[in-house]
Amino acid sequence: MNYAIETNNLSKFYGKVRALHKVNLRVRHGEVYGFLGLNGAGKTTAIRTMLGMIRPSMGNVKVLDQVISPGGGGPWAKIGHLVESPAAYPELTVKENLEIARRMHKIQNHKAVDDVIEKLSLSFYADRKAGTLSSGNFQRLGLARALLHKPELLILDEPANALDPAGIVEIRELLLSLAREHGVTVFMSSHILAEVDLLADRIGIIHKGELIEELDAARLEGLRSTQLVIEARDPAKALAALRDFEPAAVNSHITIKDRRAVRQPEMIATLLVNAGTPPTHLAVEQENLEEYFLRLTK
Amino acid sequence: MKNFTAALWAEILKMRRSKVPLVSAIGFCMAPLAGGLFMIILKNPEAAKSFGLITAKAQLLTGTADWPSLFGFLAQAVAAGGMILFSIVTIWVFGREFSDHTVKELLALPTSREAIVTAKFVVITIWAVLATILIFGVEVAIGKLIVIPGWSNELLRTSFINILGTAILTIPLMSLVALIACAGRGYLAPFGWAILTLFIANLSVILGWGDWVPWAIPGLFSGAAGPRSEVLGTHSYIGLMITSLMGILALYHWWRFADQTK
């Protein structure tokens, strides 16, 4: 099977420091891949090796069927990227920064810059110097440069950084539309796990330089633990009544992970009523991505 | 070629929009202004003293107020000042990509890294040549204004070749400044290097080895230590070329293979 991104035993060492260790990552064409990891886990190092900015110590990276060569060769005309924080020449305007990118990408269409400015809602700032932009608009400029040449593959490091809530939704919809309607493959790292949860078809989790999990979002649903969350008028009495299910008191809640209780919450309700402490809240809750991620990386 | 044209267009735009090249060129104009001031003083030391332009110490100034002295002064100023000012512009052209973190936007592009480095060098060369022509023009205007003897078209031609030659011999040495700006990922290390090479150049000339030290060659070419045919040999130019070429090759190699983590 052909992959948009494929890493084979990708490793990177800085002296004795292991930044990446035998990472075997597969990103399918047209999917949105969420790349998760704590700070220093190796996300940016992995992204930089995909873009030919860092030479692997071992293994290789294949992007759009081309092995990324140590000398910077790669299918760059088909790839848009945003690595770490965006960067731009502060004394040049938004338009001039993008015009440089247009020429460097050898895009013949002179309207490409205006089109991407409009797409990223930067029209009002087109003639402003990049150095005077707010961090949110600076991020938009970085995204505009990544999208300017209508790439087949987008490699984005924290694309939602510095954006306001409306901007986050806007960029999420833009990325989803690119992936779903135009078949663009999106590889994105993010620390906003809820964002990844909403966008990603597949998720890879990197920890201490190793890819510890790579799975479909649908499969993730099944892996996330579920629990029964209970609130009762008399928590102490409720805890005593539920002791067979190994309840845990968390703040004002009682949580139970026992499968019997999760599958039959009505049984728990009956138990509590019979114990004289009827539940005021009873809900089956699924672990969110953040909790799942933290559980894996502990 | 299109690769290079796009990169050159980008570098020229950055150069035009920045104040650094302009301020550096204005700074370079201090050389002909200082030359003009010395000519005024040498032409009429008593009047200069009465105007408070000089003190007793300045009477150490020797020479005559004429066109050969004026051009000679400018050539020496280009040799010393050029090394520093060309370095400043080189450090800015290369080092700014690391300080502004824009280097990562130059690495994964259809335009090759080699084309980008070459374009940077071309704009540095264009700037250095234009700045040298500018200060030469300013010096001619000042000389005409203060009216000094010794003008001839032949002197103008040989002085222009001398001054431009000094600048042209300085430019290739900027490859090492650029390399250190890139490897040091910023401004400080290459600036330290520029000062160090100026020091080494002066020391080597004092010790009599200047003809073997690439950074002393532009100064010796300018005539600062006597007629160039007496102080420089073919080995001097070859040494400068080899050193500069090694710098350029190392720079290309660095851009191609070094890990870019900034």
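As a reminder, the structure under discussion sits directly above these lines.
Anyway, here's the lowdown on the structure attached to this text. Note that the structure is predicted; figures quoted are calculated from it, not measured.

**Considerations on the sheet that holds strand β15 (residues 279-286) of chain A**
All names here are of chain A.
Part 1: Strands sit in the order β13-β14-β12-β15 across an open sheet of four strands; the sheet is antiparallel. Each end of this open sheet is capped by a strand with a single partner; those strands are β13 (248-250) and β15. Strand-to-strand twist across the sheet, computed as the mean angle between neighbouring axes with direction ignored, equals 30 degrees.
Part 2: The sheet contact formed by β13 and strand β14 (residues 253-256) spans three bridges and is antiparallel. If you follow A249 over to β14, its bridge partner there is I254.
Part 3: In this fold helix α10 (residues 265-274) packs onto β12 (226-232) and β15, with an angle of close to 155 degrees to the strand it touches most, β15.

**Overview of the pattern of salt bridges**
Residue and element names in this part refer to chain A.
Part 1: The final tally for this structure, using the stated rule, is 26 salt bridges over all chains.
Part 2: Residue D114 is joined to K95 by a salt bridge in which the shortest nitrogen-to-oxygen separation is 3.5 Å. Note that D114 is positioned in helix α3 (residues 112-119) and K95 in helix α2 (residues 94-104), a separation of 19 residues in sequence.
Part 3: With its nearest N and O atoms 3.1 Å apart, the salt bridge here joins E99 to R103. Of the two residues, E99 and R103 are both situated in helix α2; the distance of four residues between them amounts to about one turn of the helix.
Part 4: The buried category is assigned to E99, whose relative accessible area is 17%.
Part 5: Where salt bridges share partners, they join R28, E31, R202, E214 and D216 into one cluster.

**A short note on the packing of aromatic side chains**
Part 1: Enumeration over the complete set of coordinates arrives at 14 aromatic pairs over all chains.
Part 2: Geometrically, the ring pair formed by A:Y33 and A:F187 is stacked, given 5.3 Å between the ring centres and 15 degrees between the ring planes. Of the two residues, A:Y33 sits in strand β4 (residues 32-37) while A:F187 sits in strand β9 (residues 185-189), which places them 154 residues apart along the sequence.
Part 3: Given the relative accessible area of 0%, A:Y33 is considered buried.
Part 4: Plain terms: the ring middles of B:W193 and B:W215 are 5.7 Å apart, the flat faces sit at 85 degrees to each other, and that makes the pair edge-to-face. Here the residue B:W193 occupies a position in helix α9 (residues 188-207), and B:W215 occupies one in the loop between α9 and α10 (217-221), the gap between them amounting to 22 residues.
Part 5: Residue B:W215 is classed as buried on the basis of its relative accessible area, which comes to 16%.

Rules and cut-offs
- Residues numbered from 1 in each chain as written.
- Chains lettered and ligands numbered in written order.
- Predicted model: local features only at pLDDT ≥ 70, side-chain atom pairs only at ≥ 80, totals over all residues.
- Heavy atoms only, no water.
- Pairing = 2+ DSSP bridges.
- Helix = DSSP H or I, 4+ residues; strand = E, 2+ residues; numbered from the N terminus.
- Axes fitted to C-alpha atoms, helices over the stretch in contact; angles between N-to-C directions.
- Contact = heavy atoms within 4.5 Å.
- Salt bridge = Lys/Arg side-chain N within 4 Å of Asp/Glu carboxyl O.
- Buried < 20%, exposed > 50% of the residue type's maximum accessible area, 1.4 Å probe, protein only.
- Phe/Tyr/Trp six-rings, centres within 6.5 Å; stacked < 30°, edge-to-face > 60°.

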